Protein chains: 2
Amino acid sequence: MSLLGRKNTSNAAGCSCLPSLKYPCPNKLITYSVAAGMDQVAEYLEGLSFNEDDLAYLRSLGLFSEGFLAYLKDLRFTGDVVAVREGEIVFPYEPILTVKAPMVQAQLVETAILTFVNHQTLIATKASKICEAAGGGVMEFGLRRAQGADAGIYGARAAMIGGCVGTSNVYAGKLFNVPVSGTMAHSWVMNFHSELEAFRAYARSFPDACLLLVDTYDTLHSGIPNAITVFRELRAAGHEPKGVRLDSGDLAYLSKEARRMLDEAGFENAIVCASGDLDEVSIRSLKAQGAKIDSWGVGTKLITSADLPALGGVYKLAAVFEGGKEIPKIKLSDTTEKITNPGMKEVYRLYDRKTDKAIADYITRAGEEVSSNAPLELFHPVETWKRMTVQNFRVRNLREQLVKGGKRVAPVRTLQEIASYKECEYSRFWEEYTRQDLPHIYKVDLSPALYRLKREMVERQGREE
Amino acid sequence: MSLLGRKNTSNAAGCSCLPSLKYPCPNKLITYSVAAGMDQVAEYLEGLSFNEDDLAYLRSLGLFSEGFLAYLKDLRFTGDVVAVREGEIVFPYEPILTVKAPMVQAQLVETAILTFVNHQTLIATKASKICEAAGGGVMEFGLRRAQGADAGIYGARAAMIGGCVGTSNVYAGKLFNVPVSGTMAHSWVMNFHSELEAFRAYARSFPDACLLLVDTYDTLHSGIPNAITVFRELRAAGHEPKGVRLDSGDLAYLSKEARRMLDEAGFENAIVCASGDLDEVSIRSLKAQGAKIDSWGVGTKLITSADLPALGGVYKLAAVFEGGKEIPKIKLSDTTEKITNPGMKEVYRLYDRKTDKAIADYITRAGEEVSSNAPLELFHPVETWKRMTVQNFRVRNLREQLVKGGKRVAPVRTLQEIASYKECEYSRFWEEYTRQDLPHIYKVDLSPALYRLKREMVERQGREE
């Protein structure tokens, strides 16, 4: 079988990159993304195998030869993966993850890798945009509207990478050791004969985590007065209340009134939490209206990335190896942006030494050296007359070895470490690049050697057709 | 602890219903939905328990008393669930699933139930709309853009319920025994020195499932001529080819040309499969342009329900039981549509005896009898002057017992059975109700007894405030 015939002679390198504007949304550009999902990729690759059950099923399809099934039986992933760290800020067209493996393996793992990286990167990016708008204090509240359990669990993880401070998903909290938080449900309040009775019962159960949902009946005339009554009782018993949550109505007006009422009652430290179909747009609008909201519970629109529910990351063949020699490959397309960058590559980020801000990313052929000792001329990869010379910069290879010979070699990092890394690296970007309205487009340029290779291959393939 | 104090005296009934227009989209109405996810709900409820690890984690949060943790340790779900069958056509505001269980249990299971039902119903509904537009032959191709592995796997299941004829998700194929199908990747073609060589290798591997991807280099000048060459070789060796797949370019034009070229070469039975960012809108447009496409591979926009990535199903307290007596509960809201229907309920569907078409759905209080022996007067639940008398009809209770005393009692159905059921029941709706442009709104009315209870409770609660 031909699939088998090639397995020992040929290696493949697949690159997963992020095309921009796969789903053009009016007034929306994909500017930056927050990479995530690499941990799940490493775990998957280390565990990849086909058990007897799987093989019996594949045999039953009548599509595969016994030789191929025998090959699958013993299959383990033996390849190498380099990838950006989770939490890294990445841009369209960058090879954020490269697999180098025997061709059969490289093709087998394509879909799983894309699923994990596309999903977690999507949600981490959306979370980053929401957290940027809120200025902090965003809780992930979306499990009930997630696209299945994994979407809720790994989505909560990705939301933390993007900047959320906690999740209502207790299972994700357990798996990834992140703060969990939540409040009562409306049904809790409705289960009692009165709202006051419901609040008192909750305060007895959670005297030090007493966040009361105040909108079940009437926020200003019932919910907040009842909450204040219970907060006074709590304080008399030696506990400080956490605050109130608004889940409906005019959040700008209600939050200002709630703040005033709580302050007048002497609960200046009680927080006002708001939830209800929030996203970065509505949060920015609420803040512009002077809403007094300390904490944001964001559900549906975060956990589904509602305005852009899929990231168009792709996995393309970059090169094959014959007798150890790299043969670069290119995928052509009538759409210029969809022409791949051929061959094995590296991605570097250049930072200004004075400000420590990122200047540009720079994609090279593998093995090229990028020195910060001399000025570096950058040029636009299509409009090549646009040029810029960079000096006094430092340079960093954006990717690390994630898997070597089928084994994970990159450190396992805690979610807190990943989130801190994201925050730190994000702060190295001028807000002109990360803002959501009409951002500057961050430069992702090619080295002259990569540019030449691409030009030559495009022109040669064009002639051959 | 109050949670514990009530557990033996009080039962709760939660209803999950589908509010309409949770996400108003211009020119889009949520008309019908295809219910799904109940199988996963039953499996979850039967398996619900907290292991030592879970309890240790919950203890570490410092929020819960030892008494409550001891209660969780022994917890099994002991309640009852009635729900519509998977594949049932359902409408906004209908209680598609009701849990009757001790209050703690009823609250604990809320999020999981909503996640499973919201997700699978969302994707089954989207699939139904896409399949309706295509008129059949839709393959689910979306795993790589799904929001995590579960979203891909259960999304593929839901897509089959909605009407898809197969999936590229081999794991879902194995789990749910559904047809799997796919084609080569572009990287397969690029791995060989020429397209013809790649096609020949594929034909050798899959002589009876030879569907060739023809757009890697140039569809009309390279891909299809090479495919025809290989198809001739296959036929000479005693195999009939499956067809070609188009994944880019002008699908209307290319499919017509592909059809003509295949026919002229004597391959009238070879199919033309199309893929690439398809959904019900683009499929309808392609068909209106006369595209010659036999099979549709639909990915991203199906598996994420891209234009509406979350279904706003909610779970609300309908009643509590004290000493066996039902005390109906209602959730008020300034938004009339968000006021819940109080108390334990049933949902009936009325069918015209002559046409066997559905006339209306009819929500009653539990225990009411709905007789088809006498004319039944229906009225609009808000604009009550809109009335209609139904005669010569049959009536069906839309829900079945799914779980009784914590054990599944509804039959486990194959995915094929569920999909057939959906197709059959769907055919009982006039297309005026299911069409996507300006549909008639299907009637979901309340019985006089339920209407009176709701009115009384709304007015009483209003006075009490």
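Residues numbered from 1 in each chain as written. Chains lettered and ligands numbered in written order. Predicted model: local features only at pLDDT ≥ 70, side-chain atom pairs only at ≥ 80, totals over all residues. Heavy atoms only, no water.

**A word on the overall build of chain A**
Check the secondary structure of chain A and you find 17 helices and 21 strands. Seen through its C-alpha atoms, chain A measures out along the principal axes to roughly 80 × 60 × 35 Å. Taking the intrachain contacts of chain A between residues at least 6 apart in sequence as the baseline, contacts between residues at least 24 apart amount to 72%. Working note: accessible area of chain A is about 18,800 Å², and carbon and sulfur atoms make up 51% of it. Of the side-chain charges in chain A, 57 are positive and 58 negative, and the distance between the mean point of each set is 4 Å. (Helix = DSSP H or I, 4+ residues; strand = E, 2+ residues; numbered from the N terminus. Contact = heavy atoms within 4.5 Å. Areas by Shrake-Rupley, 256 points an atom, 1.4 Å probe, with all protein chains shown as cover. Lys, Arg positive; Asp, Glu negative; His and termini not counted. Charge placed at Lys NZ, Arg CZ, Asp CG, Glu CD.)

**Topic: the pairing of strand 11 (residues 295-298) of chain A**
All names here are of chain A. Going residue by residue along strand 11, you find Ser295 and Gly297 tucked away on one face and Trp296 and Val298 tucked away on the opposite face as well. Two elements, strand 6 (residues 138-140) and strand 11, share three bridges in a ladder whose sense is parallel. Bridge pairing in strand 11 places Val138 opposite Trp296. As judged from the three bridges shared by strand 10 (residues 271-275) and strand 11, these two strands associate in the parallel manner. In the strand pairing of strand 11, Ala274 is matched with Trp296. (Buried < 20%, exposed > 50% of the residue type's maximum accessible area, 1.4 Å probe, protein only. Pairing = 2+ DSSP bridges.)

**So, the packing of aromatic side chains**
Following the criterion strictly, the structure yields 30 aromatic pairs over all chains and no others. With a centroid separation of 5.8 Å and an interplanar angle of 85°, the aromatic rings of Phe64 of chain A and Phe206 of chain B are classed as edge-to-face. You can see Phe64 of chain A sitting in the loop between helix 3 (52-60) and helix 4 (66-73) and its partner Phe206 of chain B sitting in the loop between helix 10 (195-205) and strand 8 (211-213), one on each of two chains. When its relative accessible area of 11% is taken as the criterion, Phe206 of chain B is described as buried. Between Tyr202 of chain A and Phe206 of chain A, the ring centres sit 4.9 Å apart and the planes meet at 50°, which makes this aromatic pair tilted. Just as Tyr202 of chain A is buried, Phe206 of chain A falls in that class too. (Phe/Tyr/Trp six-rings, centres within 6.5 Å; stacked < 30°, edge-to-face > 60°.)

**Focus: the relation of the copies chain B and chain A**
Overlaying chain B with chain A gives an RMSD of 0.0 Å, the required rotation being 180° about an axis along which the chain moves by 0.0 Å. In short, the pair behaves as if placed about a two-fold rotation axis. No C-alpha of chain B lies nearer the rotation axis than that of Asp150 of chain B, which sits 2.7 Å from it. Interface overlap between copies: 100% of the residues of chain B at the interface are likewise at the interface in chain A, consistent with a symmetric, same-surface contact. (Least-squares fit on C-alpha atoms with pLDDT ≥ 70 in both.)

**Description of the interface of chain B and chain A**
Residue-level contacts link 77 residues of chain B with 77 residues of chain A. Of all residues in chain B, the largest losses of buried area upon contact with chain A belong to Arg144, Gln147 and Met190 of chain B, amounting jointly to 12% of the total for that side. Connecting chain B to chain A are six salt bridges. The partner of Asp53 of chain B in a salt bridge is Lys174 of chain A, and the shortest N-O contact between them spans 3.4 Å. Per element, the largest residue contribution to the side of chain B that touches chain A is eight residues, and it comes from helix 6 (residues 110-134) of chain B. (Buried area = accessible area lost by both parts, 1.4 Å probe. Salt bridge = Lys/Arg side-chain N within 4 Å of Asp/Glu carboxyl O.)

**Brief notes about unusual backbone geometry**
With a phi close to 55°, Asp277 of chain A is a non-glycine residue in the positive phi region. In this fold, Asp277 of chain A is placed in the loop between strand 10 and helix 13 (280-288). Positioned with a positive phi, Asn392 of chain B is a non-glycine residue whose angle comes to about 50°. Summarising the element assignment, Asn392 of chain B is placed in the loop between strand 17 (387-390) and strand 18 (393-397).

**Focus on the nonpolar core**
Residues and elements named next belong to chain A. Counting residues in each nonpolar core, the largest one holds 122 residues, and the members touching the most others are Leu97, Leu212 and Phe231. The biggest single contributor to this core is helix 6 (residues 110-134), with 13 residues. Counting contributing residues per domain, this core is built from domain 1 (2-108 + 313-464) and domain 2 (126-303), each supplying no fewer than three. (Core = buried A, V, L, I, M, F, W, Y, C linked by side-chain atoms within 4.5 Å. Domains from an automatic or database assignment.)

**Describing the sheet that holds strand 21 (residues 444-446) of chain A**
Note on sheets: strands pair through backbone hydrogen bonds, and any given pair is parallel or antiparallel. Residue and element names in this part refer to chain A. Taken in spatial order, the four strands line up as 18-14-15-21 in an open sheet, and their pairing is mixed. At either margin of the open sheet sits one strand with a lone partner, and together these are strand 18 (393-397) and strand 21. The mean inter-strand angle of the sheet, taken between neighbouring strand axes irrespective of direction, is 30°. (Axes fitted to C-alpha atoms, helices over the stretch in contact; angles between N-to-C directions.)

**Details of the environment of Thr125 of chain B**
Residues and elements named next belong to chain B. Turning to its location among the elements, Thr125 is positioned in helix 6. In the structure, Thr125 is positioned 131 residues away from Lys256 in sequence and 30 Å away in space, judged by C-alpha atoms. Ignoring anything within four residues of it in the chain, the contact list for Thr125 reads Tyr32, Ser33 and Val34.

**Here's the deal with the packing of helix 6 of chain A against helix 13 of chain A**
Residues and elements named next belong to chain A. The contact between helix 6 and helix 13 brings their axes to 8 Å, and the two run at 5°. As judged from the angle between their axes, helix 6 and helix 13 are roughly parallel. The segment helix 6 lies against helix 13, with Lys126, Lys129, Ile130, Ala133 and Ala134 engaging Glu280, Ile283, Arg284 and Lys287. (Parallel < 35°, antiparallel > 145°, perpendicular 65-115°, else oblique.)

**Topic: the sheet that holds strand 21 (residues 444-446) of chain B**
Residues and elements named next belong to chain B. What the four strands build is an open sheet, ordered 18-14-15-21; its pairing is mixed. Two strands lie at the open edges of the sheet, namely strand 18 and strand 21, each paired on one side alone. Taking the axes of each pair of neighbouring strands and ignoring which way they run, one obtains an average angle of 30° across the sheet. With three bridges connecting them, strand 15 (residues 358-365) and strand 21 associate as parallel partners. Following the sheet pairing, Ile363 is matched in strand 21 by Leu446.

**Brief notes about helix 13 of chain A**
Residues and elements named next belong to chain A. Along helix 13, the positions that sit buried rather than exposed are Glu280, Ile283 and Leu286. Seen from one end, helix 13 has its buried residues packed into an arc of 125°, which puts them on one side. Here the buried face of helix 13 lies against helix 6, helix 12 (251-264) and strand 11. At the C-terminal side of helix 13, Gly290 shows a positive phi close to 80°. (Arc of directions from axis to C-beta.)

**Brief notes about the confidence of the model for chain A**
Residues and elements named next belong to chain A. In the predicted model, chain A carries a mean pLDDT of 90, and 93% of its residues have values of at least 70. In the predicted structure, residues 1-11 sits below a pLDDT of 50 and forms 34 contacts with residues beyond four places in sequence or in another chain. Interface predicted TM-score (ipTM) for the complex: 0.86; the corresponding pTM is 0.91. (pLDDT = per-residue confidence, 0-100.)

**Digging into the domain arrangement of chain A**
All names here are of chain A. Annotation of chain A at the domain level lists domain 1 (2-108 + 313-464) and domain 2 (126-303). The distance between the C-alpha centroids of domain 1 and domain 2 comes to 39 Å. Facing 19 residues of domain 1, the contacting portion of domain 2 comprises 13 residues. When domain 1 packs against domain 2, the two sides together hide about 1,400 Å² of surface, and 47% of this comes from carbon and sulfur. Three residues stand out in domain 1 for area buried against domain 2, namely Gln40, Leu415 and Gln436, and they jointly supply 42% of the buried area on that side. Our enumeration of links across domain 1 and domain 2 arrives at one salt bridge. Note that Arg157 is salt-bridged to Glu86, the shortest N-O span being 2.7 Å. The tally of links between domain 1 and domain 2 comes to eight residue pairs in polar contact (both at pLDDT 80 or more). At the level of secondary structure, the elements contributing two or more residues to the side of domain 1 that touches domain 2 comprise helix 2 (38-47) and helix 15 (415-426). Per-element accounting of the side of domain 1 that touches domain 2 gives the leading share, six residues, to helix 15. Residue composition of the side of domain 1 that touches domain 2, grouped by class: nine nonpolar, six polar and four charged. (Polar contact = N/O pair within 3.5 Å; in protein donor to acceptor, adjacent residues only side chain to side chain. Nonpolar A, V, L, I, M, F, W, Y, C, P; charged D, E, K, R; others polar.)

**Here we look at the pattern of salt bridges**
Tallied over the entire structure, the rule returns 60 salt bridges over all chains. Put simply, Lys126 of chain A and Glu280 of chain A hold a salt bridge, and the shortest N to O gap is 3.0 Å. Residue Lys126 of chain A is found in helix 6, and its partner Glu280 of chain A is found in helix 13; the two are separated by 154 residues along the sequence. Classification of Glu280 of chain A as buried rests on a relative accessible area of 6%. Residue Glu88 of chain B pairs with Arg396 of chain B through a salt bridge whose shortest N-O separation is 2.8 Å. Taken together, the residues span a long stretch of sequence, with Glu88 of chain B in the loop between strand 3 (80-84) and strand 4 (89-90) and Arg396 of chain B in strand 18 at a distance of 308 residues.

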